[in-house]
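# Reading the structure
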Amino acid sequence: MKVEQLSIFIENKSGRLAEITALLGDTGINIRALSLADTSDFGILRLIVDNVETAKSVLKNHGFTLNKTEVVAVEVPDHPGGLSNILRALDTENVNVEYMYAFVEQCGGNAVIVFRFDDTDNAIEVLKRRQFSLLSGERLYSM
Amino acid sequence: MYFNEEFETLPRPALEAIQLKRLKSVIERVYENVPFYRRRFDAHGLNPGSVTGLPDLQKFPFTTKQDMRESYPYALFSAPMEDIIRIHASSGTTGKPTVVGYTGKDIETWSELMARSFVSAGVHRGDIIHNAYGYGLFTGGLGAHYGAERLGASVIPVSGGNTKKQIMIMQDFGSTVLTCTPSYSLFLAEAASEEGVDFRNFRLRVGILGAEPWSEAMRAEIESKLNISALDIYGLSEIMGPGVAIECIIGKRGLHIWEDHFIPEIINPESGERVGEGEQGELVITTITKQGIPLIRYRTRDITSITYEPCACGRTHARIARMSGRSDDMLIIRGVNVFPSQIESILIGIEGVEPHYLLIVDRKDNLDTLEVQVEIDEQLFSDEIKVLQRLSQRIEREMKDMLGITCTVRLVEPKSIRRSEGKAVRVVDNRKL
């Protein structure tokens, strides 16, 4: 139930994001979700794309530093308190969230949140035990 | 005005006669006492008998900073440890400093040469010397201090840092002479003006500035902002410390090098051959009176030229030009000597990988700044901001701990550091001196 995400190191220079999105666009890769974490000097662009391996090799060939990380995509009921229920459950079970961001598309009326945990396997077990619905990579990439 | 008129104004033939006598004696001493020199001289078929005239010095091999490092800490000492009364050290390239030892006689000589330097700069008894060179392993603080006492001036051992207090002391104590690095003198003046204090109203008359490269433009700025005469002083711990050479306030053109204690040569750094008078080259110094750690033909790596023309001040000792650069890649950042290789070894030590890096040196608000750019490759990269920030902070901390300099680390994308012929350019010095 793990989803592959690409994380790319970018300097805070104008045009870098445009360059990456153009590269992916030209290769026919569709970005499914993204988040950008930044500091004053550099940022980390996190992407979920429909073709991880191709995206990885294209970016690598163009000199970007990147790695593949495992994240978990969870369906969240699209109503007040939906996200709160999940976060409370994780907190009760001492599962640490490193970061999270929302998916663009809905999944059957539910929102989708992408989580990065410090202990992914344990987090998956906890979420499953508590009956939260996780999305597989295949499902997510083709949404 | 002289401190030691007889020696400072010796006619050239008499000065050279003293140099020859002292050269013979130092060659004899190091051959006798320092196995390193005995081996070196033997390998070149040289011995104390090889010196019959001053030109014979050219037959002798050079001594380098590398030789000093390999002799760490005491192997180049010529005097027994019980005769060494002071030890100083300067930063080395692999965390190991270059160590020098002084006998009582050496400290006396140093004090006299520093006192001569003060007088040459127009300083006299009754002056109040604000000594803002750092006290410690660095030779600046204690070197200037002993010279000031030898002269009989009043010395304030204020050392470096704590700028606000420095300004208060200078104003309230009526300091007339400032000794520090040129950039710190400007920093002081600007910090004072931010406090609403005008340096030009101080009693300060002379600045004796050194330990880092500077320029005529910077001199003009210092003289106008501080309302003083700013003079260039030269020295290095390997040879002695501050006071090896200094400008005189009368001529203010070139630094008199005390030739009754040092024999200067200017060489082509590539060929090792001497260049002519007035031509640029690397300064090589032989210490002819030192006892603790005499050095034969020490390559300072500083680029200058020399003139033997008479000076208006009456001193007969040759003058070297303001240092115009280095023949190696050493950087002087806020008076601290730094080699790119030192920074490289810190970076390698941190993650066990050798990243591409670039050092950007600049001067902002009259203080040197160092930015270390590190290319982030896959081994260093993490998906988490905090991990990368921790990496930057760790490099900054180790630079402070190991080299004593403050830097900012900037993580940059791979290949963003320019390569020339496959080799990375390691240093960009944007300081406009």
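Residues numbered from 1 in each chain as written. Chains lettered and ligands numbered in written order. Predicted model: local features only at pLDDT ≥ 70, side-chain atom pairs only at ≥ 80, totals over all residues.

### A few points about the overall build of chain B
To be explicit about the condition: Strands are runs of DSSP state E lasting at least 2 residues, helices are runs of H or I lasting at least 4, and numbering of each runs from the N terminus. Based on C-alpha atoms, the radius of gyration is set beside the globule rule, defined as 2.2 Å times the residue count to the power 0.38. Each residue is classed by its C-beta neighbour count within 10 Å, where at least 20 other C-beta atoms makes it buried, 12 or fewer makes it exposed, and intermediate counts make it partly exposed; the C-beta atoms are placed from backbone geometry. By the criterion used throughout, residues are in contact when their C-beta atoms, derived from the backbone, lie within 7 Å.
If you tally the helices and strands in chain B, you get 11 helices and 23 strands. In terms of overall size, chain B behaves like a compact globule, its C-alpha atoms giving a radius of gyration of 23 Å where 433 residues would be expected to give roughly 22 Å. Along the first, second and third principal axes, the C-alpha set of chain B runs to 70 × 60 × 45 Å. Within chain B, buried positions represent 45% of all 433 residues. Across chain B, the fraction of contacts at a sequence separation of at least 24, relative to all contacts at a separation of at least 6, is 67%.

### With respect to the domain arrangement of chain B
All names here are of chain B. Selection rule: Each domain's extent is set by a domain assignment, obtained either automatically or from a database. Each residue is assigned to one class: nonpolar for Ala, Val, Leu, Ile, Met, Phe, Trp, Tyr, Cys and Pro, charged for Asp, Glu, Lys and Arg, and polar for all the others, Gly among them.
Domains assigned within chain B are domain 1 (5–328) and domain 2 (332–429). Computed over C-alpha atoms only, the centres of domain 1 and domain 2 are separated by 31 Å. Contact residues are listed per partner, giving 13 residues for domain 1 and 16 residues for domain 2. The element contributing the most residues to the side of domain 1 that touches domain 2 is helix H8 (residues 182–194), with four residues. For the side of domain 1 that touches domain 2, the residue count by class is four nonpolar, seven polar and two charged.

### Topic: the packing of helix H7 (residues 163–172) of chain B against H8 of chain B
Residues and elements named next belong to chain B. For clarity, the cut-off: Interaxial angle, 0 to 180 degrees, is taken between N-to-C directions of lines fitted to C-alpha atoms, where a helix line uses only the stretch in contact. Geometric relationships in this document are graded by angle, where less than 35 degrees denotes roughly parallel, more than 145 denotes roughly antiparallel, 65 to 115 denotes roughly perpendicular, and other angles denote oblique.
Running from N to C, H7 and H8 point in directions that differ by 85 degrees, and their axes come no closer than 10 Å. In terms of axis orientation, H7 runs roughly perpendicular to H8. Contacts from Thr 163, Gln 166 and Ile 167 of H7 reach H8 at Phe 187, Leu 188, Ala 191 and Ala 192. Residues that form the contact of H7 with H8 fall into these classes: five nonpolar, two polar and no charged.

### A look at the nonpolar core
The line we're drawing: In this description, a nonpolar core means buried residues of the types Ala, Val, Leu, Ile, Met, Phe, Trp, Tyr and Cys, linked to one another by C-beta atoms lying within 7 Å.
With 86 residues, the main nonpolar core has Phe 118, Val 123 and Val 244 of chain B as its most contacted residues. A per-element tally of this core places helix H5 (residues 104–120) of chain B first, with six residues. If we ignore the near neighbours within four places in the chain, the residues touching Val 123 of chain B are Phe 118, Ile 129, Leu 151, Ala 153, Val 177 and Val 206 of chain B. Counting residues in hydrophobic clusters, the runner-up holds 60 residues, among them Ala 73 and Val 112 of chain A together with Phe 381 and Val 409 of chain B.

### Describing unusual backbone geometry
All names here are of chain B. The linkage connecting Tyr 72 with the following residue, Pro 73, adopts the cis geometry, with an omega of -10 degrees. Although it is not a glycine, Lys 252 adopts a positive phi angle of roughly 50 degrees. Position of Lys 252 relative to the elements: it lies in the loop between strand S8 (241–247) and strand S9 (255–257). By C-beta crowding, Lys 252 is classed as partly exposed, having 16 other C-beta atoms within 10 Å.

### Overview of the interface of chain A and chain B
In this assembly, 14 residues from chain A lie in contact with 15 residues from chain B. Elements that contribute at least two residues to the side of chain A that touches chain B include exactly strand S1 (3–11), strand S3 (42–49) and strand S4 (66–77) of chain A. Per-element accounting of the side of chain A that touches chain B gives the leading share, four residues, to S1 of chain A.

### A few points about the packing of H5 of chain B against helix H6 (residues 139–151) of chain B
All names here are of chain B. Close contact between H5 and H6 brings their axes to 7 Å; oriented N to C, the two are set at 75 degrees. Between H5 and H6, the angle is such that the two are roughly perpendicular. Where H5 abuts H6, its residues Ile 107, Trp 110, Ser 111, Glu 112, Met 114, Ala 115, Ser 117, Phe 118 and Val 119 lie against Gly 143, Ala 144, Tyr 146, Gly 147, Ala 148, Arg 150 and Leu 151. Residue classes in the contact of H5 with H6 are distributed as 10 nonpolar, four polar and two charged.

### Points about the environment of Ile 113 of chain A
All names here are of chain A. Positionally, Ile 113 belongs in strand S6 (residues 110–117). For the pair formed by Ile 113 and Val 72, sequence separation is 41 residues and the distance between their alpha carbons is 8.2 Å. Those residues within four positions of Ile 113 in sequence are excluded, and the remaining contacts are Val 74, Val 76, Leu 83, Met 100, Ala 102 and Phe 103.

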